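Now for the letters of each chain:
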Amino acid sequence: QVQLVESGGGLVQPGGSLRLSCAASGFTFSMYAMSWYRQAPGKERELVAGITSAGDITDYADSVKGRFTISRDNAKNMVYLQMNSLKPEDTAVYYCQARLRIIIYWGKGTLVTVSS
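This is a predicted model, so every value here is computed, not measured.

Draft legend 1. Spatial organisation of the pairing of strand 9 (residues 92-100). Of all nine residues in strand 9, seven are buried, a share of seventy percent or more. Relative to strand 9, strand 4 (residues 33-39) is paired through seven bridges, and the arrangement is antiparallel. Considered in strand 9, the bridge of M34 is made with A98. In this sheet, strand 11 (residues 110-114) lies alongside strand 9 in antiparallel orientation, the contact comprising three bridges. The residue bridging Y94 from the neighbouring strand is T110, located in strand 11. Where strand 9 lies against strand 10 (residues 103-106), four bridges are found, and the strand directions are antiparallel. Across the sheet, residue Q97 finds its bridge partner in strand 10, namely W106. Hairpin connection between strand 9 and strand 10: a loop of two residues separates the two successive antiparallel strands, and R101 in this loop has a positive phi of roughly 55°.

What counts as what
- Residues numbered from 1 in each chain as written.
- Predicted model: local features only at pLDDT ≥ 70, side-chain atom pairs only at ≥ 80, totals over all residues.
- Heavy atoms only, no water.
- Buried < 20%, exposed > 50% of the residue type's maximum accessible area, 1.4 Å probe, protein only.
- Helix = DSSP H or I, 4+ residues; strand = E, 2+ residues; numbered from the N terminus.
- Pairing = 2+ DSSP bridges.

Read these as spatial facts, not as claims about activity.
Set out below in structure tokens:
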């Protein structure tokens, strides 16, 4: 049974930091590219960051470059999103995605709220 379980969301003040985690199971994690997406209220889901299966290449949305860092641990079947200098516009549900060619898996998301 494929599972992607996100954790680490919560309420944080502007300028603060959070680290999201995504635990994967039920598939060969090291073969899949992993990404973090987010969806703010009333908006479409958008790509935040991605990382290749080997972890050697990463990519970021312009809105988070220099503030967010994606990483993975293939030995632990985990992917992370370190989020620094958070802004109110980062408020969203954050989703973990696994992708191998046309095979895509999604987690259920974790809510991040940036507010004073």
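Right, picking up where we left off after that structure.
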